[in-house]
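Structural overview
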Amino acid sequence: MIRKKTLVLCLMLTLLPALGGCQLKDIDKRYFVVSTGFDYSDNPKTPYRVSLRLALPSSKVEEGGAMSVVQTVDAASIAEAVRHLKSTVDKELEFGHCREFILGRKLIEKDGFDNAMQWLSRRRDIQSVSNVMIGEPDAFSVVSLQPKSERYPGNSLFLSFGNEGTEAAHTVTTYLFDLYRRLYETGLDPVLPVASLFRDGYRIDRAAVLDKQKTRLYLDPDETLLLNMTAFGVDNTILALPDEPVNVVLAATHTNSKINLKGGEDPVAIVNVRIEGFLEQSPPHLLEKDWGGLERKMGKHFSEEAEKLLYKIRDAGVDPYGFGLHYLADHHNEKGRWEKWKRLYPDIRFEVRANVSIQGSGLIR
Amino acid sequence: MLEKIKEILGSPADFTAETMDNGYAELQICFFPGMCDMDQLKDGIIIPFSYRFDPDEFRRMLHTSIGFMKDVPEERWVDYLLKGYILLEYEGEVFVFRAIRRMQTQPDQTQVEASLQGPQSAFTENLDLNLTLVRNLYNVPELTVENFEPQNQSKSKIALLYDRTKRNETTLEEVRKRLRRLDDGLLLSAGQLAKQLTQAKYRLFPIAQVTERPDRLSIHLNKGKLAILLDGSRFAILLPVHFFDFMYAMDDHYEPSWMSRFLIGLRYISMMLTLMLPALYISIVSYNPEVFRVQLAFTIDGSRAAVPYPSFIEVLLMLFMIEALIEASLRLPRSVGSTAATVGGLILGQAAQQAGLVSSIMIIVTSVVAISNFVIPNSTFSYFIRILKYAFVLVAVFAGLVGVVVGLFTLVVYLCNMRSFGEPYFALFQSKANKASD
């Protein structure tokens, strides 16, 4: 009896290795993709061009020691392209560490980003905290750049976003999960940073505002900064007031913004922005003369600029701030309220109330 | 009498059987000289019988002194002889005289459970001395000692200790029953006795604690639990115990509170590390490399490039080496021990990595596993943890990170299901519900 039991147990144990063995793939048999680019190829049969930057790992991490190769293939869809790319490399592709997805400018303008999003959100090994951006002039050139300062492949582009590396005031950070939300949420539209090449590095100081399909508006760096401050409350930004002989520049350490909708048939969107910081550049003894006045003057200047941006975005017919979402949240579930909002939005008025508070001149006397 | 004894014992060389005659009376005496205290023999029997001989006084002494036992049944004579008693026949009556040679008169130094500031004395291999040590520390009238003399080949005395007012009656009855039912092989050490008492052979965790510290035993008694002392063993058995008792060093009582809390936390972290780290290494390297930060992933990737075997072979290889090293240095003489550690730890580890047999991260994993294992204060428990980590390695090889998580869950379920002599093993607090009220 016991011998029979042992025999059965042994048999089961020998079957065990066959169970999950296929999944086991050692780390050195995997090719880490560090950035992925999607382009439009102008060939109607194989419209999608997928470029992958693959890391060549080394046990030593040093400045400029990052090695990588770029592989590109055209196919009828992104999924097919990636499958096809596997036949050009010697190891299994691993997207687990791919944190940068670059959509070519042409792809977004011609085809929209819905197909790319479908693929990105379905793959289980793609992380939702990845950064998504628009590549200019195309995604391939952004993917294939190998900056000299990189310690390990893909590091440079990744550190440009968020607060991980540089805390740039002009860089909009859009994560994949946020993009996905903005793609499907009624009354809230996506914003994507635009990355281009600049000498031996990346330049990410512009943003594109999209509707649910395609790009509607490209913002210049100053507008991107304003968008960052009013929509995303990014800290460590800057606020300049034109003045003679030198501009007064406030380094904002904290920025808060809050949106309020007022008025039923003739709505006014009030954006309250609170900016705290210290003067980084100003004519001497400016603060002592009129501290409160300077704060008000800077606030007024900021409000004017921001309102200009808001009207520009409104006229493009997009809504990255989520005014529509606010409207839907404020009004109870009456029928046709979304249609009503769509009618109201082109005529909405904006009011930016900026509360600038200067903490000091940054000097010790 | 002497003929009967010789019939049973044969005539071993270390046995003395004499008939003494002082001119007035005859005395038959037999004993094992090696097991008897010769001074006691001389003072108690030889002197009164030889040059201080007075027939009345000698007779009176035999009948009244507490050193002499009368009316011992014939079949027990040999048992007493074998324990170091002296058997004598005077005027047709047989007496047993207690003159057992005491090997130890001093408490031992702690060796296994060292403590920085706690008591340094440990149990000895003498039961009477051990009882003295316990009585000194736990000096209350309620301390009860029950003696058991199992009819096995060793016949070592067993003492069951408990606090009469605090003990749990059902547990006590269960332990008594098991002590009476011991098998009749050789019983050599407390660890062996603990194994027999806890019965189940394939349990994954110990349910009785073996200790050499009288202070730990006293605290245990004070909690209303039981302790068992075995003659000839310098370890006591504590039961019932909980999972958390094993992670408790006696220093935790004596050190500042913050420090001891920190150390307890450290021990649990170490336990988890030594249990899970090899399994985590396998499952992350071979199944889910995205768990690492990207730098670490590339570094491991780079350092694994030269390794020819899959990650689990690498892990098993290194674990085998470290286990062999521990096992070898455990039984080495102290003078050679440090050499083994140097050869094994430094040279082998470094060389294995340079030869491309294992990755450099694996060396770190192995050393963390080995060091963390020694942080566990109880050696029995650390043995169980040591073997249990292979179960996790096995699961990780076939099922990856998911397997490890499911394995950990299963382990917790198993622990919750375990009972130590009727008490829940994984309980944070001791149950007081069925405490005896008398």
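Conventions we followed
- Residues numbered from 1 in each chain as written.
- Chains lettered and ligands numbered in written order.
- Predicted model: local features only at pLDDT ≥ 70, side-chain atom pairs only at ≥ 80, totals over all residues.
- Heavy atoms only, no water.
- Pairing = 2+ DSSP bridges.
- Helix = DSSP H or I, 4+ residues; strand = E, 2+ residues; numbered from the N terminus.
- Axes fitted to C-alpha atoms, helices over the stretch in contact; angles between N-to-C directions.
- Phe/Tyr/Trp six-rings, centres within 6.5 Å; stacked < 30°, edge-to-face > 60°.
- Buried < 20%, exposed > 50% of the residue type's maximum accessible area, 1.4 Å probe, protein only.
- Lys NZ or Arg CZ within 6 Å of the ring centre and 35° of its normal.
- Contact = heavy atoms within 4.5 Å.
- Buried area = accessible area lost by both parts, 1.4 Å probe.
- Salt bridge = Lys/Arg side-chain N within 4 Å of Asp/Glu carboxyl O.
- Polar contact = N/O pair within 3.5 Å; in protein donor to acceptor, adjacent residues only side chain to side chain.
- Domains from an automatic or database assignment.

**Thoughts on the sheet that holds strand β1 (residues 16–21) of chain B**
Residues and elements named next belong to chain B. Taking strand neighbours across the sheet as the criterion, the five strands line up as β1-β2-β4-β5-β3 in an open arrangement whose pairing is antiparallel. Both edges of this open sheet fall to β1 and β3 (68–70), since each of them pairs with a single strand only. Sheet twist, expressed as the mean angle between neighbouring strand axes with direction ignored, is 25 degrees. In this sheet, strand β2 (residues 26–31) lies alongside β1 in antiparallel orientation, the contact comprising six bridges.

**Description of the pairing of strand β11 (residues 248–262) of chain A**
Residues and elements named next belong to chain A. Two strands pair when backbone bridges link them, and strand β10 (residues 237–241) and β11 are joined in this way by five bridges, in the antiparallel orientation. Following the sheet pairing, Thr237 is matched in β11 by Ala252. In textbook terms, the turn of a hairpin is the stretch between consecutive antiparallel strands, and for β10 and β11 this stretch comprises six residues. Relative to strand β12 (residues 268–281), β11 runs antiparallel, the two sharing 13 bridges. When the sheet's bridge partners are listed, Ala252 is paired in β12 with Gly277. The turn linking β11 back onto β12 is made up of five residues, and Gly263 within it adopts a positive phi angle of 85 degrees.

**Quick notes on the packing of aromatic side chains**
Evaluated as defined, the whole model comprises 31 aromatic pairs over all chains. With 5.1 Å between their ring centres and 75 degrees between their planes, B:Phe243 and B:Phe426 make a pair best called edge-to-face. Linking B:Phe243 in the loop between β12 (236–239) and α9 (251–254) with B:Phe426 in the segment after β14 (423–424), this pair joins segments that are 183 residues apart in sequence. By relative accessible area, which is 5% here, B:Phe243 ends up buried. Each residue in the set B:Phe205, B:Phe243, B:Phe244, B:Phe246, B:Tyr268, B:Phe381, B:Tyr425 and B:Phe426 is aromatic and connected to the rest through ring pairs, giving one cluster. Over the ring of A:Phe198 we find A:Arg203, and its NZ or CZ is 4.9 Å from the ring centre.

**Observations concerning the interface of chain B and chain A**
Facing 25 residues of chain B, the contacting portion of chain A comprises 24 residues. Where chain B abuts chain A, roughly 2200 Å² becomes buried across the two surfaces, and 63% of that area is made up of carbon and sulfur atoms. The largest per-residue losses of area from chain B upon contact with chain A belong to B:Phe298, B:Asp301 and B:Phe398, which jointly make up 31% of the total buried on that side. Between chain B and chain A we count two salt bridges in total. With its nearest N and O atoms 3.4 Å apart, the salt bridge here joins B:Arg304 to A:Asp26. For the interface between chain B and chain A, the tally reads ten residue pairs in polar contact (both at pLDDT 80 or more). Among the elements of the structure, α10 (257–286), α11 (294–304), α12 (311–330) and α15 (379–417) of chain B are those that each provide at least two residues to the side of chain B that touches chain A.

**A word on the environment of A:Val132**
Residue and element names in this part refer to chain A. Assignment of secondary structure puts Val132 in strand β6 (residues 131–136). Remark: the alpha-carbon pair of Val132 and Glu80, spanning 52 residues in sequence, is separated by 21 Å. Contact partners of Val132, with chain neighbours within four places excluded, come to Phe101, Leu103, Thr174, Leu176, Leu179, Leu192 and Pro193.

**Topic: the domain arrangement of chain B**
Its domain assignment divides chain B into domain 1 (2–98), domain 2 (108–240) and domain 3 (263–420). Each of domain 1 of chain B and domain 2 of chain B has a C-alpha centre, and the two are 33 Å apart.

**Notes on the pairing of strand β9 (residues 158–163) of chain B**
All names here are of chain B. Across the six residues of β9, six count as buried, placing the element largely inside the fold. A two-sided burial pattern is seen for β9, the buried positions comprising Ile158, Leu160 and Tyr162 on one face and Ala159, Leu161 and Asp163 on the other. Strand direction decides the pairing type here: strand β8 (residues 143–148) and β9, joined by six bridges, are antiparallel. Across the sheet, the residue bridging to Asn147 is Ala159, located in β9. Two elements, β9 and strand β11 (residues 226–230), share four bridges in a ladder whose sense is antiparallel. Within the sheet, the bridge partner assigned to Ile158 lies in β11 and is Leu230.

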